[in-house]
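Tertiary structure, described
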2 protein chains.
Amino acid sequence: MIEATGITGALLIGSREVTEGPAFRAVDPARGAEIEPAFVEAGPADVAEAAALAAQAFPFYRATAPAARAAFLDGIATEIEALGDALIERAARETGLPAARLQGERARTCGQLRLFASWIRDGGADEPRLDSPLPERTPLPRADLRLRHIGIGPVAVFGASNFPLAFSVAGGDTASALAAGCPVIVKGHPAHPGTSELVGRAIRAAMAKAGLPEGVFSLLTGTSHELGGALVGDPRVAAVGFTGSRAGGLALCRIAAARPVPIPVYAEMSSINPVFLLPAALESRAEALAAGFVGSLTLGAGQFCTNPGLVIAIEGEGLARFLAGAGAAVEAAPAATMLTPGIAGAYGKGVAALAEAGATEIARGGAETGPNACRPALFVAEAASFLAEPALSHEVFGASSLVIRCRDAAEMVQVARAVEGQLTATLHLDVADHPLAAQLLPVLEEKAGRILANGWPTGVEVCHAMVHGGPFPATSDPRSTSVGTLAIRRFLRPVCYQDLPEALLPAAVKGGNPLRLPRLLDGKMIAATETEAEK
Amino acid sequence: MIEATGITGALLIGSREVTEGPAFRAVDPARGAEIEPAFVEAGPADVAEAAALAAQAFPFYRATAPAARAAFLDGIATEIEALGDALIERAARETGLPAARLQGERARTCGQLRLFASWIRDGGADEPRLDSPLPERTPLPRADLRLRHIGIGPVAVFGASNFPLAFSVAGGDTASALAAGCPVIVKGHPAHPGTSELVGRAIRAAMAKAGLPEGVFSLLTGTSHELGGALVGDPRVAAVGFTGSRAGGLALCRIAAARPVPIPVYAEMSSINPVFLLPAALESRAEALAAGFVGSLTLGAGQFCTNPGLVIAIEGEGLARFLAGAGAAVEAAPAATMLTPGIAGAYGKGVAALAEAGATEIARGGAETGPNACRPALFVAEAASFLAEPALSHEVFGASSLVIRCRDAAEMVQVARAVEGQLTATLHLDVADHPLAAQLLPVLEEKAGRILANGWPTGVEVCHAMVHGGPFPATSDPRSTSVGTLAIRRFLRPVCYQDLPEALLPAAVKGGNPLRLPRLLDGKMIAATETEAEK
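Residues numbered from 1 in each chain as written. Chains lettered and ligands numbered in written order. Predicted model: local features only at pLDDT ≥ 70, side-chain atom pairs only at ≥ 80, totals over all residues. Heavy atoms only, no water.

**Description of the overall build of chain A**
The number of helices and strands found in chain A is 14 helices and 23 strands. Scaling as 2.2 N^0.38, a compact globule of 535 residues should have a C-alpha radius of gyration of about 24 Å, and chain A matches this with 25 Å. C-alpha extents for chain A along the principal axes are approximately 75 × 65 × 40 Å. Looking at chain A as a whole, 62% of its 535 residues qualify as buried. For chain A, restricting intrachain contacts to residue pairs at least 6 apart in sequence, the fraction spanning at least 24 positions comes to 76%. When the accessible area of chain A is evaluated, it comes to approximately 17400 Å², of which 59% is carbon and sulfur surface. Seen as two clouds, the 44 positive and the 54 negative side-chain charges of chain A have centres 5 Å apart. (Helix = DSSP H or I, 4+ residues; strand = E, 2+ residues; numbered from the N terminus. Rg over C-alpha atoms; globule rule 2.2 N^0.38 Å. Buried < 20%, exposed > 50% of the residue type's maximum accessible area, 1.4 Å probe, protein only. Contact = heavy atoms within 4.5 Å. Areas by Shrake-Rupley, 256 points an atom, 1.4 Å probe, with all protein chains shown as cover. Lys, Arg positive; Asp, Glu negative; His and termini not counted. Charge placed at Lys NZ, Arg CZ, Asp CG, Glu CD.)

Spelled out as structure tokens, the structure:
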């Protein structure tokens, strides 16, 4: 079955299309009804075929010049844009997300591909380092040593449900891996298989134009846990990128660690993104903070990894004004369709669990308007209860937040110490709050990947200085970020060449610097434009 | 009991000395006899105390300026040198290694500390990145984003038996972790506890002079597996550095992965360091290659991670000459004392296992001269046997090597494809060999961390471009190196600051660049000496 949009329901394994097999359908969460066409459920044989093709393509792909990979990434962005409204319409049907949000997400996705392209063109993936030979050194001469980074191998990417474009088939993990020189096998999220197929075909088109071998990209879709397990367990897969639930991420980590050859898993899992309202800021602008907070909380039905799920403040008149304002705004907030029936069900359970764990509901948003609607919810609890009850720290994916009332600044610091690892931590502060902020900062640096002041954690800039990562359970690997150019480093490994003849050296470390890359020469960074003291 | 050298047998837990408890003694492997004094066996309570002190010291230590940490590393080198001959004498007795080798190792250890000091002084640990705010950008402004790297947390370091100085208490892992801003708890290798204590006291002296909190360094010694397990399992330990056996490294990886909060383990485990003798080089200098090979093989009784345990060549007259030369040199090589009775016993078993697996012994070095002597051994096997029999790939720690005879170049490439992950791979080649080398290179890049031409893998330069690492099982994490300045990155994680007021920003990312670090500004590297377009 072929729709006008070009969605066939096929698996895209290299250049082959698999159209036969068990089937599933996407669900329109706003209507609670299935959408055509049927999609093939990938099985173990499909995983093996995609992995074999990826392994076969890897030596060629990783050896492409940075400029060639950059052109490929640019080409993917062009092809995604060429999909036009068909992509937005299909994504909106499959996710319940509004078109404007999806258009913004498409811009971010394409911008990300182009930023990574320019970064690797400038040498950001190779990071070459050269140490000059010292033939006269005593007691032993020093050899000629040259280091560059190469792709780690085929990468399995798990599409996220909540970013059908920016963290799915051609999202951050795929862009990082392709930039690093690694073939990618995407396990598309079953909530948006049509969106996945459209983007997968865009990648294919860019691959064909770039003349790359078919194994550089495959797209497998399916609903079973076994599919993901087979992919992470395949001996040809060298690393994994995942965004999703804590249980799902941990399951993949266990599979990866138990392999005969263990591999790294970059799983982004769970974060409640604490927001600290410091006393002077709260006193001076409680109402504005309440409005900003509820705006961030309810954005996209609260379905962001960086959703502010925890607010910490010291009791008093300022907090009372904040709660009144936030409560009223939450009451006034409409219900919004969630991504899937499963997510909507989990949201309901999560909200109920907060109440059962002792939090007091102080506001609830508009009555449900559809089969999978999220009603925003606001809870409050005393700091002492929070410190005693781990269930109050559990992420509720959706527009629910818990305000923690502290007796004093010392208790606020205690709460900061008690939270688990986070993607973000936020401080709202005035100059008078700086001493308390200075106490909180070192604690939060050890808890979170990104620390914000006077802003809201939703909205993650794609740039060089971004960290979208953080200590466990925010991610499985705090040494990295999944957003921004630093994300490419996750899929690289260093290789050193000792006394290799010039004719055999890879271009990134050759004499004369033919690729014009910035290189670290004897410990000093030499820009591409400078004359390198040649060896 | 206190020796004249200052060795007491105590555990050094922060500033406390633990002198009571179950005891063990070092063994002089050359005599097969125990050496005084007795050393305390660390237990779970000692681990907990050291970990608590490390966690307490971490916020202070990680916040020290790079220059302060650099001065501390320089101070450790100075204190180690001040130990004088007492250190060399004790290390020689505990390891059976000759004084000259240990003097060289001490120079390397101190040079490594000083190189790391200069590297972090120049900003190599912080790696700051700044993206300028774009308040006018549409549809959304860009915030002010600044990234730096901070220490990951307290690091557990397992001393290696074969480098009692350079990979032990103040060795590469300790130097990397301290440079990164991480407190260190060393589990000293039980084969050289006196050497460990002397170096531990040197670190303590440098700490006192630097005014650092006691928890920055502790030294635990002991012989039990439980000690290492308790250390890796302690919730306050954030990362692990290990050099040792494959079984030991894998056990630690399993413990780390099973923790409620999993942590990274950098285990360097097993490598046979294949050396490819290409036809023209073999033809032109078989005898010189044989001499160089046996020199590298028997160096330090073959007890190097980079020992050439596998030689691959194509059958013919050149190989016959090489085997004749190498065989004669091995026959003429004296036996040498190994590090421990356990290692000597394992060497004997490993050599026997090679023979049982079908390798033909063609030469054996001088008769045993002591209780723990290593007799060099040379084996040969056909490539077809090697490809069929995994046991022929097992590392034999010591001066044993296996020559693989290939029918042709294609079979040589097949052998290259079949080897496991390695620390090094070596090519001996002439210009006429370049086409075959060009075929082997991409295969070897995926197998090894370092590729050498016309040299021998033993001898690892400490510099910026070194990679001492490689795919599994050479290490548990191919994304890193344990030698050279890049090793510091293993113990860092990035943190991003969004719109943080200038007054609260850490110095590494402050306006005006007060630490004079090279920084990536809007994607361009700005040297410390350049004027940064201020924000």
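Structure shown, so let's carry the discussion forward.
**Observations regarding the pattern of salt bridges**
Residues and elements named next belong to chain B. Tallied over the entire structure, the rule returns 62 salt bridges over all chains. One salt bridge in this structure joins glutamate 49 and arginine 16, with 2.7 Å as the shortest N-O distance. With glutamate 49 in helix H1 (residues 44–62) and arginine 16 in strand S2 (residues 16–18), this pair connects stretches of sequence that are 33 residues apart. On the accessibility criterion, arginine 16 (40% relative accessible area) is partly exposed. Notably, a salt bridge pairs lysine 209 with glutamate 79, separated by 2.6 Å at the nearest N-O pair. Taken together, the residues span a long stretch of sequence, with lysine 209 in helix H6 (residues 193–210) and glutamate 79 in helix H2 (residues 66–82) at a distance of 130 residues. (Salt bridge = Lys/Arg side-chain N within 4 Å of Asp/Glu carboxyl O.)

**Let's talk about the side chain of A:Arg450**
Among the secondary structure elements, A:Arg450 is positioned in strand S20 (residues 448–453). Buried within the structure, A:Arg450 lacks any salt-bridge partner; its nearest side chain of opposite charge belongs to A:Glu461, at an N-O separation of 8.4 Å. A polar atom in the side chain of A:Arg450 sits 3.0 Å from the backbone oxygen of A:Pro457. A distance of 2.5 Å separates the side chain of A:Arg450 from the side chain of B:Gln498, its partner in a polar contact. Setting aside anything within four residues of it in sequence, one finds A:Arg450 in contact with A:Thr306, A:Leu423, A:Thr424, A:Ala425, A:Pro457, A:Gly459, A:Val460, A:Met466, A:Val467, B:Cys496 and B:Gln498. (Polar contact = N/O pair within 3.5 Å; in protein donor to acceptor, adjacent residues only side chain to side chain.)

**Some points on the interface of chain B and chain A**
Contacts between the two partners involve 72 residues from chain B, matched on the other side by 72 residues from chain A. For the pairing of chain B and chain A, the buried interface totals around 5900 Å² over both sides, and the portion due to carbon and sulfur atoms is 58%. By the criterion of area lost to chain A, the three top residues of chain B are B:Arg129, B:Glu445 and B:Arg479, representing 12% of everything that side buries. Where chain B touches chain A, the interface holds 14 salt bridges. At 7 residues, the largest contribution of residues to the side of chain B that touches chain A is made by strand S21 (residues 492–498) of chain B. (Buried area = accessible area lost by both parts, 1.4 Å probe.)

**Some thoughts on the relation of the copies chain B and chain A**
Note: a rotation about an axis with an accompanying shift along it relates these two copies of the chain. The operation relating chain B to chain A is a screw motion whose rotation component is 180°, with 0.0 Å of axial translation and a residual RMSD of 0.0 Å. What the superposition gives is, in effect, a two-fold axis relating one chain to the other. Within chain B, the C-alpha atom positioned nearest to the axis of rotation is that of B:Ala257, 3.5 Å from it. Residue by residue, 100% of the interface of chain B is reproduced at the interface of chain A, so both copies engage with the same surface. (Least-squares fit on C-alpha atoms with pLDDT ≥ 70 in both.)

**Section: the sheet that holds strand S5 (residues 129–131) of chain A**
Pairing is mixed in the open sheet, where 12 strands are placed in the order S23(A)-S22(A)-S5(A)-S6(A)-S21(A)-S20(B)-S19(B)-S12(B)-S13(B)-S18(B)-S17(B)-S15(B). Whereas interior strands pair on both sides, the edge strands pair on one side only; in this sheet they are strand S23 (524–526) of chain A together with strand S15 (360–364) of chain B. Along the sheet, successive strands turn relative to each other by an average axial angle of 25°, direction set aside. Where strand S21 (residues 492–498) of chain A meets strand S20 (residues 448–453) of chain B, 3 bridges bridge the pair, whose relative direction is parallel. Across the sheet, A:Cys496 pairs through a bridge with B:Arg450, a residue of S20(B). The strands touched by helix H10 (residues 317–332) of chain B are strand S12 (274–277), strand S13 (310–314), S15, strand S17 (377–382) and strand S18 (400–406) of chain B; relative to S15(B), the strand with the most contacts, the crossing angle is about 50°. (Pairing = 2+ DSSP bridges. Axes fitted to C-alpha atoms, helices over the stretch in contact; angles between N-to-C directions.)

By themselves, these observations are geometric and do not establish any function.
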